Amino acid sequence: AQSVAQPEDQVNVAEGNPLTVKCTYSVSGNPYLFWYVQYPNRGLQFLLKYITGDNLVKGSYGFEAEFNKSQTSFHLKKPSALVSDSALYFCAVRRTNQAGTALIFGKGTTLSVSS
Amino acid sequence: DAGVTQSPTHLIKTRGQQVTLRCSPKSGHDTVSWYQQALGQGPQFIFQYYEEEERQRGNFPDRFSGHQFPNYSSELNVNALLLGDSALYLCASRLGPPNPNTEAFFGQGTRLTVV
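Attention here is on the structure that accompanies the text. What you are looking at is a predicted structure, and each value in this text was computed from that prediction instead of being measured. (Residues numbered from 1 in each chain as written. Chains lettered and ligands numbered in written order. Predicted model: local features only at pLDDT ≥ 70, side-chain atom pairs only at ≥ 80, totals over all residues. Heavy atoms only, no water.)

Some thoughts on the pairing of strand 6 (residues 53–57) of chain B
Part 1: Bridge count for strand 5 (residues 44–50) of chain B against strand 6 of chain B is 4 bridges, and the pairing is antiparallel. Looking at the pairing, Phe47(B) lines up with Arg57(B) of strand 6 of chain B. (Pairing = 2+ DSSP bridges. Helix = DSSP H or I, 4+ residues; strand = E, 2+ residues; numbered from the N terminus.)

Quick word on the pattern of salt bridges
Part 1: Counting across every chain of the model gives 9 salt bridges over all chains.
Part 2: Between Glu103(B) and Lys49(A) there is a salt bridge, with its nearest N and O atoms 2.7 Å apart. Note that Glu103(B) is positioned in the loop between strand 9 (87–94) and strand 10 (105–106) and Lys49(A) in strand 6 (residues 44–50), a pairing that runs across two chains.
Part 3: The exposure class of Glu103(B) is buried, given its relative accessible area of 18%.
Part 4: Taking the shortest distance from any N to any O, the salt bridge between Glu51(B) and Arg55(B) comes out at 2.9 Å. (Salt bridge = Lys/Arg side-chain N within 4 Å of Asp/Glu carboxyl O. Buried < 20%, exposed > 50% of the residue type's maximum accessible area, 1.4 Å probe, protein only.)

Section: the pairing of strand 9 of chain B
All names here are of chain B.
Part 1: Counted residue by residue, strand 9 has 8 buried out of 8 residues, so it is predominantly covered.
Part 2: Neither face of strand 9 is exposed, since Ala87, Tyr89, Cys91 and Ser93 on one face and Leu88, Leu90, Ala92 and Arg94 on the opposite face are all buried.
Part 3: Where strand 9 lies against strand 11 (residues 110–114), 3 bridges are found, and the strand directions are antiparallel. Within strand 11, the position partnered with Leu88 by the bridge is Arg111.
Part 4: Here strand 9 runs beside strand 10; their pairing, made up of 2 bridges, is antiparallel. When the bridges of strand 10 are listed, Ser93 appears paired with Phe105.

Section: the sheet that holds strand 3 (residues 19–24) of chain B
Residues and elements named next belong to chain B.
Part 1: The strand order across the open sheet built from 4 strands is 1-3-8-7, with neighbouring strands paired in antiparallel fashion. At either margin of the open sheet sits one strand with a lone partner, and together these are strand 1 (5–7) and strand 7 (64–68). This sheet shows a mean twist of 20° between the axes of neighbouring strands, independent of strand direction. (Axes fitted to C-alpha atoms, helices over the stretch in contact; angles between N-to-C directions.)

Things to note about the interface of chain A and chain B
Part 1: Listed per partner, the contact involves 21 residues of chain A and 21 residues of chain B.
Part 2: Interface area, chain A with chain B, both sides summed: about 1,800 Å², of which 54% is carbon and sulfur.
Part 3: Contact with chain B buries area across many residues of chain A, yet Leu44(A), Thr101(A) and Phe105(A) alone supply 25% of it, more than any other trio.
Part 4: Linking chain A with chain B are 1 salt bridge, by the criterion used here.
Part 5: At the boundary of chain A and chain B, one finds 6 residue pairs in polar contact (both at pLDDT 80 or more).
Part 6: When residues of the side of chain A that touches chain B are assigned to their parent elements, the largest contribution, 4 residues, is made by strand 5 (residues 31–38) of chain A.
Part 7: Among the residues forming the side of chain A that touches chain B, the class breakdown is 11 nonpolar, 6 polar and 4 charged. (Contact = heavy atoms within 4.5 Å. Buried area = accessible area lost by both parts, 1.4 Å probe. Polar contact = N/O pair within 3.5 Å; in protein donor to acceptor, adjacent residues only side chain to side chain. Nonpolar A, V, L, I, M, F, W, Y, C, P; charged D, E, K, R; others polar.)

As for the environment of Glu54(B)
Residues and elements named next belong to chain B.
Part 1: Its place among the elements puts Glu54 in strand 6.
Part 2: Residue classification places Glu54 among the partly exposed positions, given a relative accessible area of 36%.
Part 3: Considering only alpha carbons, one finds Glu54 and His10, 44 residues apart in sequence, at a separation of 25 Å.
Part 4: Non-local contacts of Glu54, meaning those with residues more than four positions away in its chain, are made with Phe47, Gln48 and Tyr49.
Part 5: Among the polar contacts listed, one links the side chain of Glu54 to the side chain of Arg57, at a separation of 3.1 Å.

Below, the structure is given as structure tokens:
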């Protein structure tokens, strides 16, 4: 069965410091991986995706993610955090067959950036 | 270009009642999925509609049903509401299930409270 794990419930970082939000996945076959962000009382906003190719994926708002097949990880990173980055972050995986296009989400990681 | 729109934004229902939630997909999108997000959890896939048919279903009881209209909009119906159905219901749209590498765009959700 496919699954996503986000091992940290909360990540705290000071403004200007680099941030990492961790994600590991389990899926048969090649994965399609996504990161979404959710602000309070809002839906999910797409940040970036990995489909194939370069292991380092660049996305919106200065975020990037590194795909590591051997470690089955897809960690979200940003070189310099902003207070406005504080939100709930979800990693998701989609199985790459035509019948399986549903997204499987992790439980989410709350990012708190202090000024 | 309007994104994914959902109505209503908030709803309070009594146990045993029935509820209908509505979703209009992003312009140009033909596939609609519904997710349930309980408090403190990641979104859970309910089902997906494409070409007015349910194409994929998650682990939800038959009390949860849906419909897709010719204009690609969709409804989620929940019968015999339980307290445990209280959650944020998210609608997501994307372009066609045969192309699994396209990202899903989410609406802001409908907050359902069952009392």
